Amino acid sequence: LGRHVLGRDALGRFKASALRELLQKDIPGSSISASNSYIQVVPEVLKDADMVIVTTADWDSELALWEFKRAGAPWALLQAWSEPHAVAGHLLLSPAEGSADAIRLFDQTGRFLHPYSQWPNDGAVRLPACGASFIPGGAIGLAAIAAVVGKAAVQEISQPSDRPRWYGLLNDPPDTIKGNGGKYVGPCPPAEVAQWLNVRPWPPELLI
């Protein structure tokens, strides 16, 4: 519940359907449909898309979308996720014009090769008794990351570009990350900056 906008009323439901209802309430004039299937099984739902945004933190679906893009899909692709405790967020944007291969920015399990922070057990926190674990988020940090995703998406739709971009948002100063048990390994932020958005192109060798 700490990693998406749906509340406990959506427990036990498909997220796609529950999110459709929430968006329909928030944006009454919109037309929204939901598909409760794996995207790699029903790629036809993307046929008429201008942009695909993936925030599932599920490597199988992310990989499938990048493979569609690599094969020449005509839509812009935007992948976004947060690091543990939402101390940082990343957004990879491949525009509709041209393409870029983000797959090489990850290892075979979907672990991003250029994180801003490192954590014991990859940030996973065990739940008592049941043996399950989760990677904590944080409402304030996730809201900041979501705002960057929304702004980048609107900008790309309204002013399309041909330049792949990597947005890296640092929500917490390195000292705060260290104080919470993590280690900061990202680029050096400007001094006296509490939150930092770094937008840069992808390395040339990743362009197709």
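Above this text you will find the structure in question.
This report concerns the structure included in the present document. Only a predicted model underlies this, so the values are computations on that prediction, with no experimental measurement involved. (Residues numbered from 1 in each chain as written. Predicted model: local features only at pLDDT ≥ 70, side-chain atom pairs only at ≥ 80, totals over all residues. Heavy atoms only, no water.)

Overview of the pairing of strand β1 (residues 51-54)
Next, step 1: Pairing of β1 with strand β2 (residues 76-82) involves four bridges; the strand directions are parallel. By the bridge assignment for β2, V54 is matched with Q79.
Next, step 2: In the classification by handedness, the crossover that spans β1, the intervening helix α2 (residues 59-70) and the parallel β2 is right-handed. (Pairing = 2+ DSSP bridges. Helix = DSSP H or I, 4+ residues; strand = E, 2+ residues; numbered from the N terminus. Right-handed = clockwise from strand over helix to strand, strands pointing away.)

Concerning the environment of D107
Next, step 1: Structurally, D107 is set in the loop between β3 (88-94) and β4 (117-118).
Next, step 2: With relative accessibility at 25%, the residue D107 sits in the partly exposed group.
Next, step 3: Residues within four places of D107 in sequence aside, it is in contact with W59 and L113.
Next, step 4: Only 2.8 Å separates the side chain of D107 from the side chain of T109, close enough to count as a polar contact.
Next, step 5: Among the polar contacts made by the side chain of D107, one reaches the main-chain amide nitrogen of R111 at a distance of 2.9 Å. (Buried < 20%, exposed > 50% of the residue type's maximum accessible area, 1.4 Å probe, protein only. Contact = heavy atoms within 4.5 Å. Polar contact = N/O pair within 3.5 Å; in protein donor to acceptor, adjacent residues only side chain to side chain.)

Some thoughts on the sheet that holds β3
Next, step 1: Read from one edge of the open sheet, five strands run β1-β2-β3-β7-β9, paired in mixed fashion. For this open sheet the edge positions go to β1 and β9 (196-201), each flanked by a neighbour on one side alone. Between one strand axis and the next, the sheet turns by 15° as a mean value, whatever way the strands run.
Next, step 2: Here six bridges tie β2 to β3, and the two strands are oriented antiparallel to one another. (Axes fitted to C-alpha atoms, helices over the stretch in contact; angles between N-to-C directions.)

As for the pairing of β2
Next, step 1: The element β2 is largely enclosed, with a buried count of seven among its seven residues.
Next, step 2: Linking β2 back to β3 in an antiparallel pair, the connection comprises five residues, with H85 at a positive phi of about 65°.

Observations regarding the pattern of salt bridges
Close approach of charged atoms lets side chains of opposite charge pair.
Next, step 1: Enumeration over the complete set of coordinates arrives at six salt bridges.
Next, step 2: Put simply, D101 and R104 hold a salt bridge, and the shortest N to O gap is 3.3 Å.
Next, step 3: The class for R104 is partly exposed, based on a relative accessible area of 46%.
Next, step 4: A salt bridge links E156 to R165, with the shortest nitrogen-to-oxygen separation between them at 2.8 Å. R165 shares its class with E156; the two are buried. (Salt bridge = Lys/Arg side-chain N within 4 Å of Asp/Glu carboxyl O.)

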